[in-house]
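# Secondary and tertiary structure notes
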Amino acid sequence: MLSCRFLTHSSAAVSSCSLSLFQFDSHFLLFSTNPNPNPKPKAPFIPSSWIPHLQLQQLLYDKSKAGFDKLDDALVVFDKMLRMKPLLPVLKFNQLLAALVRMKEYSVAVSMFREFRVLCIPVNIVTFNTIIKCCCHFNNTLDYAFSLLSGMIKRGLVPNVVTYNTLIKGFLSQDRPVEAEHLFKKLLKFNEIQPNVVTYTTIIDGLCKTSNTSMAVDLFRSMEKRGCKPDTITYNTIIDSLCKDRHVDHALGLMSEMNHKGISPDVITYNRLIQGLCHLDRWKDTARLLSEMGFMKISPDLHTYNILVDAYCKIGMTNDAKHVVETMIQKGVFPNVVTYNTLMDGFCLTGRMDRALEVLYTMRSNGIVPDCYSFNILINGYCKRQKVDKAIDLLKQMPAEGLKPKVETYNTIIHGLFQIGRHGEAWNILHEFLRNGDKLNIVTCRILLDGLCKNQHIDEAISFFGLMECNGQIHDIQLYSILIDGLCKNRKLDMARNIFNNLASRGLQPDVVTHNILIRGLCQEGLYEEAKELLSKMEVSSCLPNDATYNTIIRGSLVNKKYEDALVWIQNMRAHRFSADASTTSMVIDLLSAEERDPSVLAFRKWFSQ
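Quick notes on the rules
- Residues numbered from 1 in each chain as written.
- Predicted model: local features only at pLDDT ≥ 70, side-chain atom pairs only at ≥ 80, totals over all residues.
- Heavy atoms only, no water.
- Phe/Tyr/Trp six-rings, centres within 6.5 Å; stacked < 30°, edge-to-face > 60°.
- Helix = DSSP H or I, 4+ residues; strand = E, 2+ residues; numbered from the N terminus.
- Buried < 20%, exposed > 50% of the residue type's maximum accessible area, 1.4 Å probe, protein only.
- pLDDT = per-residue confidence, 0-100.
- Contact = heavy atoms within 4.5 Å.
- Core = buried A, V, L, I, M, F, W, Y, C linked by side-chain atoms within 4.5 Å.
- Patch = residues over 30% accessible without salt bridge, like charges linked within 9 Å, V, L, I, M, F, W, Y side chains within 5 Å.
- Areas by Shrake-Rupley, 256 points an atom, 1.4 Å probe, with all protein chains shown as cover.
- Salt bridge = Lys/Arg side-chain N within 4 Å of Asp/Glu carboxyl O.
- Lys, Arg positive; Asp, Glu negative; His and termini not counted.
- Charge placed at Lys NZ, Arg CZ, Asp CG, Glu CD.
- Polar contact = N/O pair within 3.5 Å; in protein donor to acceptor, adjacent residues only side chain to side chain.
- Expected span 1.5 Å × (residues − 1).

### Topic: the packing of aromatic side chains
Considering all chains together, one arrives at 12 aromatic pairs under this definition. Their ring planes at 80° and their centres at 5.3 Å tell us that Phe 93 and Phe 116 sit as a pair that is edge-to-face. In this pair, Phe 93 sits in helix α4 (residues 90–102) while Phe 116 sits in helix α5 (residues 106–118), placing the two residues 23 residues apart along the sequence. An identical accessibility class is assigned to Phe 93 and Phe 116; each is buried. Measuring from ring centre to ring centre gives 4.9 Å for Tyr 410 and Phe 433, while their planes differ by 55°; the resulting arrangement is tilted. Of this pair, Tyr 410 sits in helix α22 (residues 407–419) while Phe 433 sits in helix α23 (residues 423–435); the two residues are 23 residues apart in sequence, bridging distant segments of the chain. Under the relative-accessibility criterion, Phe 433 is labelled buried at 1%. A network of ring pairs unites the aromatic residues Phe 78, Phe 93 and Phe 116 as a single cluster.

### Quick word on the confidence of the model for the protein chain
Across the protein chain, the average pLDDT comes to 85, with 91% of residues at or above 70. In this model, residues 1–50 is a region of pLDDT below 50 whose contacts with residues beyond four sequence positions or in other chains number 90 contacts.

### A closer look at the environment of Ala 66
Within the secondary structure, Ala 66 is located in helix α2 (residues 53–66). The spatial distance from the C-alpha of Ala 66 to the C-alpha of Val 118 is 28 Å, given a sequence separation of 52 residues.

### With respect to unusual backbone geometry
Along the chain, Lys 85 connects to Pro 86 via a cis peptide bond; the corresponding omega equals -5°. Within the secondary structure, Pro 86 is located in the loop between α3 (71–83) and α4. With phi around 65°, Lys 104 is a residue other than glycine that occupies positive phi space. By the secondary structure assignment, Lys 104 is in the loop between α4 and α5. Here Lys 104 falls in the exposed class, since its relative accessible area comes to 55%. Phi is positive for Arg 491, close to 60°, though the residue is something other than glycine. With respect to the helices and strands, the residue Arg 491 is situated in the loop between α26 (477–489) and α27 (493–501).

### Here's the deal with the nonpolar core
Membership of the largest hydrophobic core comes to 184 residues, with the highest contact counts inside it found for Phe 116, Ile 238, Ile 239, Ile 379, Ile 413, Ile 553 and Phe 604. A per-element tally of this core places α26 first, with eight residues. Here Ile 239 is in contact with Ala 251, Leu 254, Met 255, Met 258, Thr 269, Arg 272 and Leu 273, once residues within four sequence places are set aside.

### What about a positive patch on the surface?
Together, Lys 65, Arg 102, Lys 133 and Lys 169 give the surface a local cluster of positive charge. When you line up the elements, Lys 169 lands in helix α8 (residues 161–173).

### Quick word on the pattern of salt bridges
In this structure the tally under the stated criterion is 30 salt bridges. Across the pair Lys 322 and Glu 326 runs a salt bridge whose closest N-O atoms are separated by 2.9 Å. Of this pair, Lys 322 and Glu 326 both sit in helix α17 (residues 318–330), four residues apart, roughly one helical turn. One network of salt bridges, with partners in common, ties together Arg 221, Glu 224, Glu 257 and Lys 261.

### Observations concerning the side chain of Asn 551
Tracing the backbone shows Asn 551 in helix α30 (residues 547–559). Of note is the side chain of Asn 551, whose polar atom sits 3.2 Å from the backbone oxygen of Ser 579. Side-chain polar atoms of Asn 551 contact the side chain of Thr 584, separated by 2.7 Å.

### Digging into helix α31 (residues 563–575)
Here α31 is 13 residues long and its end C-alpha atoms lie 18 Å apart, about the 18 Å a rise of 1.5 Å per residue gives. For α31, the set of buried residues is Tyr 563, Asp 565, Ala 566, Leu 567, Trp 569, Ile 570 and Met 573. As for α31, its buried residues are in contact with α29 (528–540), α30, α32 (582–593) and α33 (599–609). Among the residues trailing α31, Arg 577 stands out with phi positive, at a value near 65°.

Now the structure itself:
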């Protein structure tokens, strides 16, 4: 337990709002004892009533590298440190803070720092840098981090490159790249610090993550001109972003540049390039890189093999993927759950459900525990092949495996049941899901509404939609589009039109899909002129027609014998570089081959013959 004196000081610290540098928000609860997610096993710590100085100092050093098992252990140590006379040096208090950071107890570290200030415990630049780092892990606390920067300067401490790197990384982690760039430019302008490779790489990484690869490349070249040599991590960051943007040849050129400058590529460099090449189906180049890895004595790691397994599975080459798995085992690199899940997904995509199930059994026999995603892959595979009963059996098996099905699992099965017309069972599965205390997500609502509409349960669909409206669950244009489509197909055009016309009052903007659905519904009911007017409104609004719009109105004009209009729409479609789909093409061919003497049909044929 903490001493009464420490608890008293802590309470006073929380209530004191007059200290300018210590304004905390709700993230910084005083020594919250919430358990850490995913705690790692550490050496046992047994609090004792008396710990010699040297033993405690060694303990602090060890825990700064690994963290304590429990938050209470750290607080007990802090209490004992406060009782020692003389106080331990600032280095030891910094090590205690470092241990809390290792434990991801950022709010506790900030609260403890405040206690340092109240008790006049000496602090140095390392202390401030540690707490600034903690602030960067929370939203809305970067202002406090900057107040700490001011506090450092007032105490005569000079912020160093670590301080500014931490602040820049904080801005980027909270999706504030403009402010990160502003701070960086300010540092350069006023020569506050000499940015190091970490500074540049941090900003380059932030730019890449916000899809600003070209800016990242410019900064990359700028750092070289300023005399800061990029390292392997810098190159890897740029190479990864270029590959994701499908500029793999540029990325390959950078790796050649690395070799020329004496900067050694590592397995991460090769992994990112191999992934980029696989996405472009450049198998020969992939094989060349793998051979080059062997020549460079760089062994493929688990991620390398997983990339290859995934690439082969996505193009249906499951036998090749299986061969990769066999090879990695021979090389002493053992598959993980990701490897097996990817292979299972590959077999499911090719309809080989028996082989996918074999992979599940192989996982278990090799000591790999299947996760929710493993079952979701199989369940989805069975539902796509309309073997929903087997999917339901797997759903029931999950709790026995210690797994709780996710909403995505239920969504897949409900969708599968609707596809084969088992409407009642879909509702039973939904009720089971709700009984478990889970909540519907927007995807579930779409599946239910779509399933009811497509199975001609339109009255139930309207009731369900109304219930969602009453509960305030609807603010999604896709849901409205599904219902409008269902109403049109069930000859309830007036209701569909009314919902469409009231979308704006609900704060929703109909998209091109919604427009296409209503245009088709109007054409089917012989209201071609109204459909034509709706399309004209699209053309003057921000919702531009797409290829489906033109195909829909062309078919509508042909059905309603507006052949001259059909010619105009076809010309417009071609002007926009859209193509006729199979249904439109079939209707046109039928018209051209029919024995029709109507002058407008003859004019239509003549235009096509030209």
